[in-house]
Structure formats: structure tokens, C-alpha cells
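Each chain, written out:
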Amino acid sequence: MSTLYLIACAAGPTQYVDEGVRQAQARGWDVCLILTPSAARWWEPRTGELEALTGHPVRSQYKLPWESDVLPKADAMLVAPLSATSLNKWGAGIADTLALGLVTEGVHMGVPVIAMPYFNRSQGAQPAIARSIADLRAQGVRYLDGADGYEPHPPKNGDASAFPWVRALDAVRAA
Ligand SMILES: Cc1cc2nc3c(=O)[nH]c(=O)nc-3n(C[C@H](O)[C@H](O)[C@H](O)COP(=O)(O)O)c2cc1C
């Protein structure tokens, strides 16, 4: 069975990341879930549910130097939902979370890396966003926007529960 790292930031759909895990598992992936530290706070009381679902520890912090890796090697990495903040940090090469550390290196180690954002149009209007998207694409990251992914919604009008996990997983399969 191939291993998918599903990496989720503190953006609305992460409240429903268990749905993303289930959909990936239904497609045959062994799913390892990685949360940003902010996203981990959202799931803190229920992390055990995610660990039971995936059968793996849920990672959100870098390991200590003397600790071993606890997850199997990734065959593909999907960052979904990708927050505006993590997008801009990633574009700038900042890997101060395990989530960003995995993808900033992974894409240059030949691992397919796919990212689907979730943020509103006002957040998306920051000039840094377009620059970051271009920087990610130039590195080979498959950034999913438009009809194939997620297009920013008007402020206060998002529906996080309707996040199109299926589009992200189709792109992973295609990669
Ligand atoms: C309740 C709540 C919902 C949020 N939803 C989003 C969101 O949908 N998209 C987004 O880009 N940021 C959202 N944010 C802001 C991010 O959580 C914030 O920028 C955070 O620093 C992102 O960190 P991370 O990318 O490391 O998870 C939200 C914040 C809160 C408190």
C-alpha cells in the first residue's frame, strides 16, 4: 500500500480533516496525518480519534535529534487545506513547522507534492499570495486553484465542510 502524507493547516476544512482521511483511505492510501501546530490545537482534545483512524501517530512538531522517524516514507504529499500563512511561508522557503519542513524538502527529493488552498478573497489579495503560488509552481508543486482546485471565497462566505477533497485526491492520483 502506498503512503500519503496528508498535511493540514489551521484553515476551516481542517475541522473536517477526518473526512479527507477517509476519502484518501477509500482510494487505497495508507494515510499519515501531519498538522501544523496551530491546526493541532484545533484537534487537541480528539487527536486520539485521528490516530485510531489512520493507525499512525499524528505529527505536528519536529522530532528531537535523538528520536527516530515514526512514520513510513511518503510516496506522495498533499497539503490540504493550505492556509494563506503557510503558503506565504512556503513560498519564502520558511520551514519553521514540521508540515512545511516535509514539503519544502520533499518536492526536491522527487516526491509528488500537491497543495490545495483554503482562504478568502481578502486574504488571497495580499500581493505575497500570487508571488508564493508562482514560486511553488516553479519548484514543481502542483498548486490546485480554479476549476481543478479551490478558488478563494468571498469573506465570511466559506463553507469549510464542503471542501472538495475529491479534487485534491484526483490530483494526487494523477501525479
Ligand atoms: C477560527 C479560525 C479560522 C481560520 N480559518 C482560516 C482559513 O480558512 N484560511 C486561512 O488561510 N487562515 C485561516 N485562519 C488563520 C490561520 O489559522 C493563521 O494564519 C495561522 O497562523 C495559520 O497557521 P498554519 O498555516 O501554520 O496552520 C483561521 C484562524 C482561525 C482562528
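- Naming follows an unreviewed UniProt entry, where the protein appears as Flavoprotein of Streptomyces sulfonofaciens.

1. Quick word on the overall build of the protein
Line of reasoning, step 1. The secondary structure content of the protein amounts to 8 helices and 5 strands.
Line of reasoning, step 2. Here the C-alpha atoms of the protein give a radius of gyration of 15 Å, agreeing with the 16 Å that 2.2 N^0.38 yields for 175 residues.
Line of reasoning, step 3. When burial is assessed residue by residue, the protein has 40% of its 175 residues classed as buried.
Line of reasoning, step 4. Within the protein, contacts between residues at least 6 apart in sequence are counted, and of these 79% link residues at least 24 apart.

2. Topic: helix H8 (residues 165–174)
Line of reasoning, step 1. Those residues of H8 that sit buried are Trp165, Ala168, Leu169, Ala171 and Val172. Buried residues along H8 cover an arc of 155° about the axis, so they all sit on one side. Opposite the packed face of H8, turned more than 90 degrees from it, sit the exposed residues Val166, Arg173 and Ala174.
Line of reasoning, step 2. As for H8, its buried residues are in contact with strand S1 (3–8), helix H1 (17–26), strand S3 (76–82), strand S4 (113–117) and strand S5 (142–143).

3. Focus on the UniProt feature "domain: Flavoprotein" (unreviewed entry) in the protein
Line of reasoning, step 1. The feature "domain: Flavoprotein" (unreviewed entry), as annotated in UniProt, sits at residues 5–117 in this numbering.
Line of reasoning, step 2. Across residues 5–117, the secondary structure splits into 37% helix and 19% strand, with the terminal C-alpha atoms separated by 16 Å.

4. Quick notes on the site of the ligand
Line of reasoning, step 1. Inspection of the region around the ligand gives 15 residues, with Ala10, Ala11, Thr36, Ser83 and Ser86 positioned closest.
Line of reasoning, step 2. Contributing elements (two or more residues each) for the shell around the ligand: helix H2 (37–43) and helix H4 (84–91).
Line of reasoning, step 3. The element best represented in the shell around the ligand is H4, accounting for 3 residues.
Line of reasoning, step 4. Grouping the constituent residues of the shell around the ligand by class yields 7 nonpolar, 8 polar and no charged.

5. Section: the packing of H4 against helix H7 (residues 127–139)
Line of reasoning, step 1. Running from amino to carboxyl end, H4 crosses H7 at an angle of 55°, the nearest separation of the two axes being 8 Å. It follows from the interaxial angle that H4 and H7 lie oblique. You can see that H4 and H7 cross each other, and the crossing is left-handed. Listed contacts from H7 to Ala84, Leu87, Asn88, Trp90 and Gly91 of H4 are Ala128, Ile129, Arg131, Ser132, Asp135 and Leu136.
Line of reasoning, step 2. Class assignment of the residues belonging to the contact of H4 with H7 gives a composition of 6 nonpolar, 3 polar and 2 charged.

6. Focus on the sheet that holds strand S2 (residues 30–35)
Line of reasoning, step 1. Strand order in the open sheet formed by 5 strands is S2-S1-S3-S4-S5, and the pairing between neighbours is parallel. Since the sheet does not close on itself, it has two edges, and those belong to S2 and S5, each with one partner.
Line of reasoning, step 2. Pairing analysis gives 4 bridges linking S3 to S4, with the strands arranged parallel. Of the residues in S4, the one forming a bridge with Leu82 is Pro117.
Line of reasoning, step 3. Here H8 sits on the sheet in contact with S1, S3, S4 and S5, set at roughly 165° to S4.

Calculation rules
Residues numbered from 1 in each chain as written. Predicted model: local features only at pLDDT ≥ 70, side-chain atom pairs only at ≥ 80, totals over all residues. Helix = DSSP H or I, 4+ residues; strand = E, 2+ residues; numbered from the N terminus. Rg over C-alpha atoms; globule rule 2.2 N^0.38 Å. Buried ≥ 20, exposed ≤ 12 C-beta atoms within 10 Å, placed from the backbone. Contact = placed C-beta atoms within 7 Å. Arc of directions from axis to C-beta. UniProt positions renumbered as here; feature names shortened; annotations may be inferred. Near = placed C-beta within 6 Å. Nonpolar A, V, L, I, M, F, W, Y, C, P; charged D, E, K, R; others polar. Axes fitted to C-alpha atoms, helices over the stretch in contact; angles between N-to-C directions. Parallel < 35°, antiparallel > 145°, perpendicular 65-115°, else oblique. Left-handed = near helix turned anticlockwise from the far one by under 90°. Pairing = 2+ DSSP bridges.

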